[in-house]
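# Summary of the model geometry
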There are 2 protein chains.
Amino acid sequence: MERRILDIGQSVLAKNQGLADALRADFAERGIFVLNVVSSPGSGKTELLAKSLNHLAAKANVGVIVGDLATDRDAARLEGHGAKVLQVTTDGYCHLEANMVRAAAERLGLEGLDILIIENVGNLVCPSTHDLGEDLRVVLLSVTEGEDKPLKYPGIFKSSQAAILTKMDLAEPCGFDRETALRNVREVGPQLRVFETSARTGQGLEEWIAFLLAEAERKAKVAISAGA
Amino acid sequence: MERRILDIGQSVLAKNQGLADALRADFAERGIFVLNVVSSPGSGKTELLAKSLNHLAAKANVGVIVGDLATDRDAARLEGHGAKVLQVTTDGYCHLEANMVRAAAERLGLEGLDILIIENVGNLVCPSTHDLGEDLRVVLLSVTEGEDKPLKYPGIFKSSQAAILTKMDLAEPCGFDRETALRNVREVGPQLRVFETSARTGQGLEEWIAFLLAEAERKAKVAISAGA
């Protein structure tokens, strides 16, 4: 029985990977850069995205797919920031999968989009194993969660390309040890590009947005060059 | 294929439930009260437990099983507070299951224990569906995570018997809206006994410990009465 479950688990992951690869090819053909945002519940994904959209909307056509177990609160919070937004509710399921993103992308409509942002379900474990066809996976770490999270949840930090420290305005009241946190992030994910931000004060947002736009532009150039 | 996965998922849950029921009967026979502590990563489970042990250790023999994906940091933090502590690492798995608790309990040793505390993996989704044979499930909600978490992660709030608001000392810098949070907690989990705490200042800890000890005593009386 145990072996059978393991085999089926592997088969489900393989199926997701095949679908994610197909999605990635489709996004590339359409010239859409795709971002997958992951973190614990309450790390500030939605607030960071709302503020990011304020900066992005003038420079790119952006669509957002928001995943939650229940409610459309996050989609409502992201309305009015210049992007098309679609809420996906997973009915208790703990992460988004490629087939959910494919269905959501069809409903959202991809025509004319430059950037597609996927806000994953708040979970620092399960999203790490599920590719959604994204170009960039970014993990958020709130200063309120403690400096040890990269060591305790290594999978998600190893599988991401950027890490964003959030709520930096709360670092002092939380007694946040910045040096230790950065050392832990680098130890687990030496590949990670790190940003230190506060959606409340605006700290670090311009640098993060500039990086995101540069990555999107780099992908577009590669795609054009590959097609030439 | 989809139907087969669903069936196997149900079969895995049924197997866990059977094992949890057997564990619960064994704990009852031994006169051990079992607490399962669940929350997001970084909500303050370990810090609350360290402070709780300071109060509990003089009044009861306590054992702790700590679940994490990786590292034995939390067990190390809980040493020296008067309880036996055992770290379980799940190697990436997103929650504890009854078979892990059974194996850990054997290694920890149950002889002479009055209370067994299980600190689950930091995850506000997956632990909700897995009974560990506990008498009391308590979900933590840090004020730093926002007031809407009960609405967005209903499963874990519906399946718990108590909710502990943590890090209340940070309520003001976080702009925490206490009334809204309490309303959301009550809306999703009207059965929840609610505590407002700060491990840093000690706020609410005595009330929480008194409740825990009363629940343990109530169980012992029921067990004695049932055995008479």
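Check the entry above for the structure.
Please read all numbers here as calculations on a predicted model, not as lab measurements. (Residues numbered from 1 in each chain as written. Chains lettered and ligands numbered in written order. Predicted model: local features only at pLDDT ≥ 70, side-chain atom pairs only at ≥ 80, totals over all residues. Heavy atoms only, no water.)

## Considering the pattern of salt bridges
Residue and element names in this part refer to chain B. Going through the model one piece at a time under the given rule, you end up with 35 salt bridges over all chains. Its salt-bridge partner being R30, residue D26 comes within 3.3 Å of it at the nearest N-O pair. Here D26 pairs with R30, and both are found in helix α1 (residues 2-30), just 4 residues apart, close to one helical turn. Since its relative accessible area comes to 29%, D26 is described here as partly exposed. With its nearest N and O atoms 2.6 Å apart, the salt bridge here joins E196 to R178. Taken together, the positions of E196 in strand β7 (residues 193-196) and R178 in helix α8 (residues 178-188) put the pair 18 residues apart, joining distant regions of the chain. For E196, a relative accessible area of 22% gives the class partly exposed. (Salt bridge = Lys/Arg side-chain N within 4 Å of Asp/Glu carboxyl O. Helix = DSSP H or I, 4+ residues; strand = E, 2+ residues; numbered from the N terminus. Buried < 20%, exposed > 50% of the residue type's maximum accessible area, 1.4 Å probe, protein only.)

## Some details on the relation of the copies chain A and chain B
Overlaying chain A with chain B gives an RMSD of 0.0 Å, the required rotation being 180° about an axis along which the chain moves by 0.0 Å. Each copy turns onto its partner about a two-fold axis. Interface overlap between copies is the fraction of interface residues in one copy that are interface residues in the other; for chain A against chain B it reaches 100%, indicating a shared surface. (Least-squares fit on C-alpha atoms with pLDDT ≥ 70 in both. Contact = heavy atoms within 4.5 Å.)

## Notes on the pairing of strand β4 (residues 115-119) of chain A
Every other side chain in a regular strand lies on the same face of the sheet, so the side chains alternate between the two faces. Residues and elements named next belong to chain A. The element β4 is extensively covered by neighbouring structure, given that 5 of its 5 residues are classed as buried. Judged by which residues are buried, β4 turns out to be covered on both faces: I115, I117 and E119 on one side and L116 and I118 on the other are all buried. Bridge count between strand β1 (residues 33-38) and β4: 5 bridges; the pairing is parallel. Counterpart to N36 in the pairing with β4 is I118. Looking at chain direction, strand β2 (residues 62-68) and β4 are connected through 5 bridges and run parallel. Residue G63 lies in a different strand from β4, and its bridge partner there is L116. (Pairing = 2+ DSSP bridges.)

Geometric values such as these leave the question of function open.
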